[in-house]
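# Coordinate analysis (summary)
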Amino acid sequence: MLTKKLLPAQSFQLLVSRNVGHLSRQRYDVIVVGGGHAGTEAAAAAARVGVDTLLVTQKIHTVGALSCNPSLGGIGKGHLVREVDALDGLCGRAGDWAGIHFSILNRRKGPAVWGPRAQLDRQLYRDFIQSELLSTPRLTVLEGSVEELLLTDPNPDEPGPHRVSGIRLANSGQSISAASVVLTTGTFLSGSLFMGQTTSPGGRIGDAPSSAGLSHTLRERLGLKVGRLRTGTPPRILKDSVDLSLAELHPPDSCPTPFSFMNTQTRCKPEEQLPCYLTRTTPGVEKIVRESLHLNCHIQQDTKGPRYCPSIESKVLRFSGRSHQVWLEPEGLTSDLLYPQGLSMTMPPEVQLRLIREIPPLHRAEIHTPGYGVQYDFVCPTQLSPSLQVKNTQGLFLAGQINGTTGYEEAAAQGLWAGVNAARRSLSMPQVALSRTESYIGVLIDDLISRGVTEPYRMFTSRAEFRTLLRPDNADLRLTLKGFELGCVSPSRYQEAVRVKNSLRDAMAALRAVSLSSTHWRERLPDIGLSENKMSKLTAMEILQHTDTTFEMLASVFPESFSPYMEFAQRLRIEAVYKYLCDISRRDIKRIQKEENMSLPQDVDYFSLSSLSMEVREILDRYRPSTLGAATRLEGMTPAAIQVLFQYVSIAEKQKEIMQRQQQNQSEDKEDLCARNVSLPQ
């Protein structure tokens, strides 16, 4: 079990400055605006790099709050959490501390697309984040609201017509200078709350709206293209009013898997975890949604909402006549509330109550807090560089929902990377980027800055071309050493990553060193089902690739060779299983970088490529790009589709070469035959 002494919440509130006059200085290297998931990661990362950092947040007690679903991770999202942790971020360790229901999603598929996920205790998560910020050297937290950005003349040696030089606080009007500013305003940038026919300014219920001056600065003074998005949250339900016997029980994993590479266990003991429950909507739900549309101004707006986490109103309108899943999830170990995931709604509170009572386990449910919708401004992310700095404004970085994303994990990943680059800029160090071939964070940022968004962006494993390389289990090997070079990874984490890397290297060498004939393998491991037809020698690495083989089995047969590496049993098994595919992916990465200008045949029947989505096939058939590089720039093309095209062209070119070689050989044979015929006597 994890052990950590958290500072009490009162200590955090006492040590946070509530008045700018209490600050020890009026200039910082980096200022972060916003205390959500992007802001906390950005501030902590900048401070770890070694610069004086100020985090400005409207309310100190909401720093690190889980505004919507009390959960972390999932398919694609869990990869981001592991990568943030590999770079010494906060959310993975916070999840291990606050988790109350751990599970690995997508287990029926390969480990490359497993989704580590945890249901969280809201209070424990917030306490952990606040404690971490309070104990981070060179980080100061200020309670306040930002009125506008301070601008000054740009540095002629850098691109961009503008340069940010700090912030001006609302109310006091006090100015604070900084070399870099990171905006992580979430849903608060010109945010509006919707419930029924009622609208009010704000980004979260119970919190004040952000200053209009900040939006004005971005739109008018910096000339940034700004759009509008929407999201929503479900009502919170009193647990005692729910008949859980009418719902389907879903227990957690019996052995919780930590998010953090630094943890071997979670704080919550396996037997103390809480279950989740599954139920479904009924025809009565759809009837109430349709009858109340005239009372719901949020759903009548044409602002884009999240495709992959839609409101119940959107589900009913898009998928008429269907039943939809509703997960009943605990909000904490001692909380008396349930979170009904899948029931985001914005209708009037009395209608919400009628609706939820149409669901059998909720037939007597009582609402603690009604659901509501939010509309907010976002900056079109194509205006950002790979470092998340605004292209036309030196020193201004954006992270989180302000870039058009949705989700805690996406926000945390952007926040960390923006914080690292903001700190490096203040130290006059070059900006750094993560490639989409080395991380899901790189995929996320590249998607945002190259394709933009038309709806809230969510991470999925399908967005990455090289999924076998970008696995949850190897994020430390991919990123921790790089993070240490950048200054955002602690020496203790770096030393652990080096130990793991060296141990895995030695274990892999040991697996390759043990080589036996097939007969001897069948004698020693009779249960692995090794084919009788295999007669050649096989290494332990090759044996480990078999479905029925585990590293523990090999260690029992060769204890002197493999027992020292038992702590890496699962990782070694995954490495062995994916070795062949990873080798192919590494070659593809090198080739795709060299051969982006590969020609696409103009007579390709794109509709015959079943591995492409119909949407992508229609785009390709309509525009018929001449090269692979041209295809990558078509709106609607996905990185996975580009990889399919790359493989298609590679195969087509090989087949063409074979046919040309065969034709050439046939031609040479004919010439040779003609020559022999000529020499025959008449």
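This is a predicted model, so every value here is computed, not measured.

Conventions we followed
Residues numbered from 1 in each chain as written. Predicted model: local features only at pLDDT ≥ 70, side-chain atom pairs only at ≥ 80, totals over all residues. Heavy atoms only, no water. Helix = DSSP H or I, 4+ residues; strand = E, 2+ residues; numbered from the N terminus. Rg over C-alpha atoms; globule rule 2.2 N^0.38 Å. Buried < 20%, exposed > 50% of the residue type's maximum accessible area, 1.4 Å probe, protein only. Areas by Shrake-Rupley, 256 points an atom, 1.4 Å probe, with all protein chains shown as cover. Lys, Arg positive; Asp, Glu negative; His and termini not counted. Charge placed at Lys NZ, Arg CZ, Asp CG, Glu CD. Pairing = 2+ DSSP bridges. Axes fitted to C-alpha atoms, helices over the stretch in contact; angles between N-to-C directions. 1 Å grid on protein atoms, 1.4 Å probe; cavity = no way out; pocket = protein on both sides within 12 Å on 5 of 7 lines; lining within 4 Å. Points joined across faces, edges and corners; volume = space filled by probe spheres on them. Nonpolar A, V, L, I, M, F, W, Y, C, P; charged D, E, K, R; others polar. Salt bridge = Lys/Arg side-chain N within 4 Å of Asp/Glu carboxyl O. Domains from an automatic or database assignment. Contact = heavy atoms within 4.5 Å. Buried area = accessible area lost by both parts, 1.4 Å probe. Core = buried A, V, L, I, M, F, W, Y, C linked by side-chain atoms within 4.5 Å. Phe/Tyr/Trp six-rings, centres within 6.5 Å; stacked < 30°, edge-to-face > 60°. Expected span 1.5 Å × (residues − 1). Arc of directions from axis to C-beta. Polar contact = N/O pair within 3.5 Å; in protein donor to acceptor, adjacent residues only side chain to side chain.

Another point: the overall build of the protein. Helices and strands together make up the secondary structure of the protein, namely 22 helices and 23 strands. Computed over C-alpha atoms, the radius of gyration of the protein comes to 28 Å, within 12% of the 26 Å expected from 2.2 N^0.38 for 682 residues, which places it in the range of a compact globule. Taken over the C-alpha atoms alone, the protein extends approximately 110 × 60 × 55 Å along its principal axes. Each of the 682 residues in the protein was classed as buried or not, and the buried ones make up 56%. For the protein, the accessible area works out to roughly 29900 Å², and carbon and sulfur atoms hold 51% of it. Between the centroid of the 77 positive side chains of the protein and the centroid of its 72 negative side chains there is a distance of 1 Å.

The strand order across the open sheet built from four strands is E11-E10-E19-E12, with neighbouring strands paired in antiparallel fashion. Pairing within the sheet leaves two strands with one partner each, and these edge strands are strand E11 (198–201) and strand E12 (226–233). Neighbour-to-neighbour, the strand axes of the sheet open up by a mean angle of 25°, direction not taken into account. Where strand E10 (residues 192–195) lies against E11, four bridges are found, and the strand directions are antiparallel. Each residue of the ladder has a partner; that of Ser 192, found in E11, is Pro 201.

So, about empty space enclosed by the protein. Applying the stated criterion to the full structure yields two cavities of 30 Å³ or more. For the largest cavity, the calculated volume is near 60 Å³. What lines the largest cavity is simply His 37, Thr 40, Glu 41, Gly 64, Leu 72, Cys 91, Tyr 125, Ile 129, Tyr 408, Glu 409 and Ala 412. Of all elements in the fold, only helix H2 (37–49), helix H5 (122–134) and helix H11 (408–426) reach the threshold of two or more residues within the lining of the largest cavity. Tallied by class, the residues present in the lining of the largest cavity amount to six nonpolar, three polar and two charged. Of the voids in this model, the second largest cavity is the one considered here, and its volume is about 40 Å³. Along the walls of the second largest cavity sit Phe 102, Ser 103, Ile 104, Pro 116, Arg 117, Asp 253, Thr 257 and Phe 259, which together make up its complete lining. Among the elements that line the lining of the second largest cavity, the one with the most residues is strand E4 (residues 99–105), at three residues. By residue class, the composition of the lining of the second largest cavity is four nonpolar, two polar and two charged.

So, about the pattern of salt bridges. A side chain of one charge can pair with a side chain of the opposite charge when the charged atoms of the two come close. A complete count under the given rule lists 36 salt bridges for this structure. Here Arg 219 ties to Asp 377 by a salt bridge, and the two come within 3.2 Å at their closest N and O atoms. Placement of Arg 219 in helix H6 (residues 212–221) and of Asp 377 in strand E19 (residues 372–379) is noted, with a sequence separation of 158 residues between them. Classification of Asp 377 by relative accessible area gives buried; the value is 4%. A salt bridge links Lys 482 to Glu 438, with the shortest nitrogen-to-oxygen separation between them at 3.1 Å. One end of the pair, Lys 482, is in helix H13 (residues 475–486); the other, Glu 438, is in the loop between H11 and helix H12 (440–451), and 44 residues separate them in sequence. Among the charged side chains, a network of salt bridges with common partners joins Arg 436, Asp 446, Asp 447, Arg 451 and Glu 465.

As a further point, take the domain arrangement of the protein. The assigned domain composition of the protein is domain 1 (25–230 + 375–486), domain 2 (236–373), domain 3 (491–585) and domain 4 (598–671). With centres defined by C-alpha atoms, the gap from domain 1 to domain 2 works out at 26 Å. Every contact between the two is made by 53 residues of domain 1 and, on the other side, 51 residues of domain 2. Both faces considered, domain 1 and domain 2 share a buried interface measuring about 4300 Å² in area, 56% of it formed by carbon and sulfur atoms. Scanning the region where domain 1 abuts domain 2 turns up three salt bridges. Arg 117 is paired through a salt bridge with Glu 329; the nearest N and O atoms lie 3.2 Å apart. Among the elements that make up the side of domain 1 that touches domain 2, the one with the highest residue count is E4 (six residues).

The nonpolar side chains of a soluble globular protein tend to be buried with one another. Counting residues in hydrophobic clusters, the biggest one holds 113 residues, and the most contacted among them are Ile 31, Leu 149, Ile 167, Val 181, Leu 183, Leu 218 and Leu 396. Among the elements that line this core, the one with the most residues is H11, at ten residues. Filtering out sequence-adjacent residues up to four positions away, Leu 218 remains in contact with Leu 149, Leu 183, Leu 189, Gly 223, Leu 224, Val 379, Leu 396 and Ile 402.

For the rest of this paragraph, the subject is the sheet that holds strand E3 (residues 71–73). What holds strands together in a sheet is hydrogen bonding between their backbones, with the strands either parallel or antiparallel. If you walk across this open sheet you meet the three strands as E3-E5-E4, and the pairing is antiparallel. For this open sheet the edge positions go to E3 and E4, each flanked by a neighbour on one side alone. With direction set aside, neighbouring strand axes in the sheet form an average angle of 15°. Across three bridges, the pairing between E3 and strand E5 (residues 115–120) is antiparallel. Bridging from a neighbouring strand, Ser 71 pairs with Gln 119 of E5.

Here we take up the packing of aromatic side chains. Under the definition given, this model contains six aromatic pairs. Aromatic pair Trp 521 and Phe 558: ring centres 5.9 Å apart, planes at 75°, arrangement edge-to-face. Taken together, the residues Trp 521 in helix H15 (residues 518–524) and Phe 558 in the loop between helix H17 (551–557) and helix H18 (559–562) connect sequence positions 37 residues apart. The two residues Trp 521 and Phe 558 agree in class, both being buried. With centroids separated by 5.7 Å and ring planes inclined at 55°, the aromatic side chains of Phe 551 and Phe 562 adopt a geometry described as tilted.

What you see with E10 is no split at all: Ser 192 and Phe 194 on one side and Leu 193 and Met 195 on the other are buried throughout. Judged from the three bridges that link them, E10 and E19 form a sheet pairing that is antiparallel. Bridge pairing links Leu 193 to Val 374 in E19.

The first and last C-alpha atoms of H13 sit 16 Å apart over twelve residues, in line with the 16 Å expected at 1.5 Å per residue. Here H13 has its buried residues at Ala 475, Asp 476, Arg 478, Leu 479, Thr 480, Gly 483 and Leu 486. The buried residues of H13 occupy one face: seen down the axis, they fall within an arc of 160°.

If you trace the backbone, Glu 148 turns up in strand E7 (residues 146–152). One polar contact links Glu 148 to Arg 168, side chain to side chain, over a distance of 2.3 Å.

By the burial criterion, the buried members of helix H10 (residues 349–356) are Val 351, Gln 352, Leu 355 and Ile 356. The arc enclosing the buried residues of H10, seen along the axis, measures out at 130°, which places them on a common side. The elements touched by buried residues of H10 are E10, strand E13 (236–238), helix H7 (283–291), helix H9 (312–318) and strand E18 (367–369).

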